[in-house]
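The residues making up each chain are set out below.
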Amino acid sequence: MPEDITVTSAEIARLAGVERAAVSNWRRRHEDFPKPVGGTASSPTFSLAAVEEWVSRQRSALQLSVEERVWQHLRAILDDLRLAQVVTAAGAFLLYLETGGWNKLAKKPDMVIAAELPDEVRRVSQQRAGEPAFPRSLEVERVPLLRRVADLAVERGSAATFEFLVGRFVETYHRSFAATPPEIANLMTAVIDQGSETVFDPACGTGTLLMTAMKPGRRLLGQEWDEDLARLAAVRLALGTGHSDIRSGDSLRGDAFQDVQADAVVCNPPFSDRNWGYEDLGADPRWEYGLPPRMEPELAWVQHALAHMRVGGTAALLMPAAAAARKSGRRIRSQLLRRGALRAVIGLSPGVASTTGSPVHLWVLCKPARDSRTPATFLVVQTTLNSWARVADLWHDFRRDPGLEHDEPGICRTVPVIDLLDDEVDVTPARHLSPTTVERDIVGLRDELTELIDKVKRLLPPIRETNYAADHPVTTVAELVQLGLLDIRRAPRSASGLTARSGDLLIFEGEVSVVTREIPVRPAEQVISPDRQVLDPYFLAGFLRSALAQHLGGGSSSPGRSELLRAVVPRLPPLSEQREYGEAFRRVADFQLEARRMAEMAEELSVMITDGVAQGRLTVD
């Protein structure tokens, strides 16, 4: 294994479970802290071995994250361009472990992971993950690192271990492929029929949408043109379910599922791929609604999805916002509307889906019967920060009763299809929503926002820089649970009857808050009940939130129970000292809560004012 693994300050912080500023303080305060071995003056890199040795000398106060160490060593095996191969090989190994293979491997200390993957590892992995076959030329780490991966799998489970590795891979390599944000993936899979037995993704990437759609007994199919990503997705799904089939190849030019008629399709197709096959596929039978224009590959993916759906099936496709109004695509949009294939367009608020980088819509399609008539109505929805959770319900209500009138100004509306079939066939949601009321909504909201801005200014806590870094003796949440100082429980996914009591901590999608009154808990939330005679809730919430933010890399994925148990917090100081910290954390939390409300209100108000000016109902002095 290479000995020159290097890490940045940010990676050291993640390894040690501290803020990045703490690493800067270590460099200033400790003369024996490792010197940079590369990088630049503003972004130096350090020897991982030297950092590990230094941290081991500070073990009374610090612990290195086991999973982060495994990741850094895996990442160092090959360059980042072949990182998917390394992660996939580790996943193939985890599949093999699930068959009891570790006992066999323990007798072969010189065994390598790779393609020179042993035949038995390859055979078992392929039985679970299917084709494509794993690469035969990958030269990677020997058994010591495999033992670390195996130990991590014993602690966290094989699937969770691989999800961690895939998450780190996506963070490292996300600019090279379209990674679907978790909140959009959740919405897309909520839109499809929940009873769907087969779900297909023709541009599956690392398999995120299919993973989100995973349910017991559901068959998951996917195709991906990048062979490395296809292998990774195959292993990822195989570790989670035995009902998956992932194949590599170009879905438009080399359809690997020609005979498949799925119950549902989910897809985040490659936007703006001008080399999609226009010259080669002119007479393709999939273009039932018209030949996709050369510059609109998204309309090729729409028809590819429809070709792979059974009659009555549902598809959710992420689309660039421009596809709703481009002149070149109006004939296909017209045919999709006339035949009843395109049933709804959902505008995704930039404030919610900011990670997409550009405005996007969600197109919801249904496979019509050959003799179907033009439907009477069409649903348009524009998400706001306050309406996001209702979007799937709006769609399902409309699907059950298309004649039911929906008209919430600025949010949703059922539009007569005949009104869309004009010279433009523009299905942009904002164009068809009813305008909001100026007198109350805009003027009243502006006054409320002004008051809130003043409140946020007052809540902004004064801060000053200190000359020391807090190197607390630490403990883990697991140790506090063992001591009986904490109780962790989780609401069942199928029910929402669990109630959080005042003083409990509530953790949802990486956010930590203190419950101030009894409330019903939404499904999948973590609830921590501290013993308030020895633990200040705000003290625990502040340090736990910081620890989880480091562990999750600032993302919004929800931590599982095992991640909470491993979270590191300060060894409990006297309650009076805890309350001093807790008061500081409480003030910051109050500030953040109101600042978030202010941002949401500002977003909503800006849209309303813009619409008012555009429609001639308002002027800005």
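So, a few notes on the structure that sits alongside this text.

Each value, and the rule that gives it
Along every chain, residues carry numbers that run from 1 in the direction the sequence is written. Owing to the predicted nature of the model, reporting of local features is limited to residues with pLDDT of at least 70; listing and counting of side-chain atom pairs is limited to 80 or more, with chain, interface and lining totals taken over all residues. Values reported for side chains reflect all heavy atoms of the structure, with hydrogen atoms and water molecules removed beforehand. Any pair of Phe, Tyr and Trp rings, taking the six-membered ring for Trp, is counted once the centres come within 6.5 Å. Such a pair is stacked with planes under 30 degrees apart, edge-to-face with planes over 60 apart, and tilted for the rest. Relative accessibility thresholds used throughout: buried, under 20% of the residue-type maximum; exposed, over 50%; partly exposed, between the two (1.4 Å probe, protein chains only). Definition used: whenever NZ (Lys) or CZ (Arg) falls within 6 Å of the ring centre and also within 35 degrees of the ring normal, the charge is taken to sit over that ring. A pair of strands is treated as paired once DSSP finds two or more bridges between them. Only DSSP runs of H or I with at least four residues qualify as helices, and only runs of E with at least two residues qualify as strands; both kinds are numbered from the N terminus onward. Contacts are assigned to residue pairs with any non-hydrogen atoms lying within 4.5 Å of each other. The axes are straight lines fitted to the C-alpha atoms, using for helices just the contacting stretch, and the angles between their N-to-C directions are given from 0 to 180°. By nonpolar core is meant a set of buried Ala, Val, Leu, Ile, Met, Phe, Trp, Tyr and Cys residues that side-chain atoms within 4.5 Å join together. Crossover handedness is defined by viewing with both strands directed away from the observer: a clockwise path from the first strand over the helix to the second marks the crossover as right-handed. Multiply 1.5 Å by the residue count of a helix minus one, and that product is the helix's expected span. Any angle that falls under 35 degrees is termed roughly parallel, while one over 145 is termed roughly antiparallel, one within 65 to 115 roughly perpendicular, and all others oblique. Under the scheme applied, nonpolar residues are Ala, Val, Leu, Ile, Met, Phe, Trp, Tyr, Cys and Pro; charged residues are Asp, Glu, Lys and Arg; polar residues are all the others, including Gly.

## Concerning the packing of aromatic side chains
For the coordinates displayed, the defined rule picks out 13 aromatic pairs. Taking 6.5 Å as the distance between ring centres and 45° as the angle between the ring planes, the aromatic pair formed by Trp26 and Phe33 counts as tilted. Take Trp26 and Phe33: they sit in the same class, and that class is buried. Ring geometry for Trp276 against Tyr278: centres 6.0 Å apart, planes inclined by 75°, an arrangement best described as edge-to-face. The exposure class of Trp276 is buried, given its relative accessible area of 2%. On the basis of relative accessible area, Tyr278 is assigned to the partly exposed category, the value being 26%. Among the aromatic residues, ring-to-ring pairing joins Trp26, Phe33, Phe46 and Trp54 into one connected group. Positioned above the aromatic ring of Phe257 is the side chain of Arg247, whose terminal nitrogen or guanidinium carbon lies 4.3 Å from the ring centre.

## Comments concerning the sheet that holds strand β3 (residues 44–47)
Taken in spatial order, the three strands make up an open sheet running β1-β3-β2, and their pairing is antiparallel. Looking at which strands have only one partner, the edges of the open sheet turn out to be β1 (6–8) and β2 (38–39). Relative to β3, β1 runs antiparallel, the two being bridged by three bridges. Across the sheet, residue Thr8 finds its bridge partner in β3, namely Thr45. Each of β1 and β3 touches helix α1 (residues 9–16); the most contacted strand, β1, lies at about 90° to it.

## Points about the nonpolar core
For soluble globular proteins, nonpolar side chains are generally found buried alongside one another. Leu317, Leu336, Leu337, Trp363 and Phe378 are the most contacted members of the largest nonpolar core, which totals 42 residues. Where this core is concerned, the elements lending two or more residues are β9 (262–267), α13 (297–307), β10 (309–320), α14 (330–339), β11 (342–348), β12 (360–366), β13 (377–382) and α16 (417–420). Broken down by element, this core gets its largest block of residues, six residues, from α13. Those residues in contact with Leu337, other than ones at most four positions away along the chain, are Leu342, Thr374, Pro375, Phe378, Val417, Leu420, Leu421, Val425 and Val427. Counting residues in hydrophobic clusters, the runner-up holds 38 residues, among them Ile246, Leu379, Trp395 and Phe398.

## Describing the pairing of β10
Counting buried residues in β10 gives nine out of twelve residues, a clear majority hidden from the surface. Sheet topology places β9 next to β10; five bridges connect them, and they run parallel. Note that in β10 the partner of Cys267 across the bridge is Leu317. In this region the chain leaves β9, passes through α13 and returns to the parallel neighbour β10; the handedness of that crossover is right-handed.

## Structural notes on helix α5 (residues 83–97)
Residues that lie three or four places apart on an α-helix share one face, since the helix turns once every 3.6 residues. Its 15 residues give α5 an end-to-end C-alpha distance of 21 Å, which sits within 8% of 21 Å, the value for a rise of 1.5 Å per residue. The buried count for α5 comes to 15 of 15 residues, which makes it a mostly enclosed element.

## Description of the packing of α5 against helix α9 (residues 158–173)
Relative to each other, α5 and α9 sit at 175°, their axes nearing to 10 Å. Of the possible angle classes, the one that applies to α5 and α9 is roughly antiparallel. Across from Leu83, Ala84, Val87, Ala90, Gly91 and Leu94 in α5, the residues of α9 making contact are Ser158, Thr161, Phe162, Leu165, Val166, Phe169 and Thr172. When the residues that make up the contact of α5 with α9 are grouped by side-chain class, the tally is nine nonpolar, four polar and no charged.

## Quick look at the environment of Leu94
Relative to the helices and strands, Leu94 is located in helix α5. Among the residues examined, Leu94 registers a relative accessible area of 0% and is labelled buried. Residues Leu94 and Ala150, spaced 56 residues apart in sequence, show a C-alpha to C-alpha distance of 7.3 Å.

## As for the sheet that holds β10
On the basis of which strands lie adjacent, the open sheet formed by ten strands has the order β8-β7-β6-β9-β10-β12-β11-β13-β15-β14 and mixed pairing. Only two strands of the sheet have a single partner each, and these edge strands are β8 (244–248) and β14 (407–408). As judged from the four bridges shared by β11 and β13, these two strands associate in the parallel manner. The partner of Gly347 across the bridge, within β13, is Gln382. Against the sheet, helix α10 (residues 182–191) engages β9, β10, β11 and β12, with an angle of about 160° to β10.

## Some points on unusual backbone geometry
The phi angle at Val425 is positive, at roughly 50°, despite the residue not being glycine. Among the structural elements, Val425 can be located in the loop between α16 and α17 (429–432).

## Looking at the side chain of His396
Turning to its location among the elements, His396 is positioned in helix α15 (residues 391–400). Setting aside its immediate chain neighbours within four residues, His396 contacts Ala190, Val191 and Ile192.

## A few points about the packing of helix α4 (residues 66–75) against α5
Two elements in contact, α4 and α5, have axes separated by 10 Å at closest approach and are oriented at 125°. Overall, the two elements α4 and α5 adopt an arrangement that is oblique. Residue-level inspection shows Trp71, Leu74 and Arg75 of α4 in contact with α5, the latter providing Leu83, Val86, Val87 and Ala90. Taken together, the residues that form the contact of α4 with α5 break down as six nonpolar, no polar and one charged.

## What about α9?
For α9, which comprises 16 residues, the first-to-last C-alpha distance of 22 Å matches the rise-based estimate of 22 Å (1.5 Å per residue) to within 8%. Every buried residue of α9 is listed here: Ser158, Thr161, Phe162, Phe164, Leu165, Val166, Arg168, Phe169, Val170 and Tyr173.

## Regarding the pairing of strand β7 (residues 219–224)
On any regular strand, side chains alternate: one points to one face of the sheet, the next to the other face. Where burial is concerned, most of β7 is hidden: five out of the six residues are buried. In the sheet, β7 pairs with β8 via five bridges, with the strands oriented parallel. Note that in β8 the partner of Gln223 across the bridge is Arg247.

## Overview of the environment of Leu420
Note on placement: Leu420 falls in helix α16. Residue Leu420 is classed as buried on the basis of its relative accessible area, which comes to 0%. With 86 residues separating them along the chain, Leu420 and Ser334 place their C-alpha atoms 8.2 Å apart. Discounting residues that sit within four places of it in the chain, Leu420 has contacts with Leu337, Phe378, Val415, Val425, Asp426, Val427 and His432.

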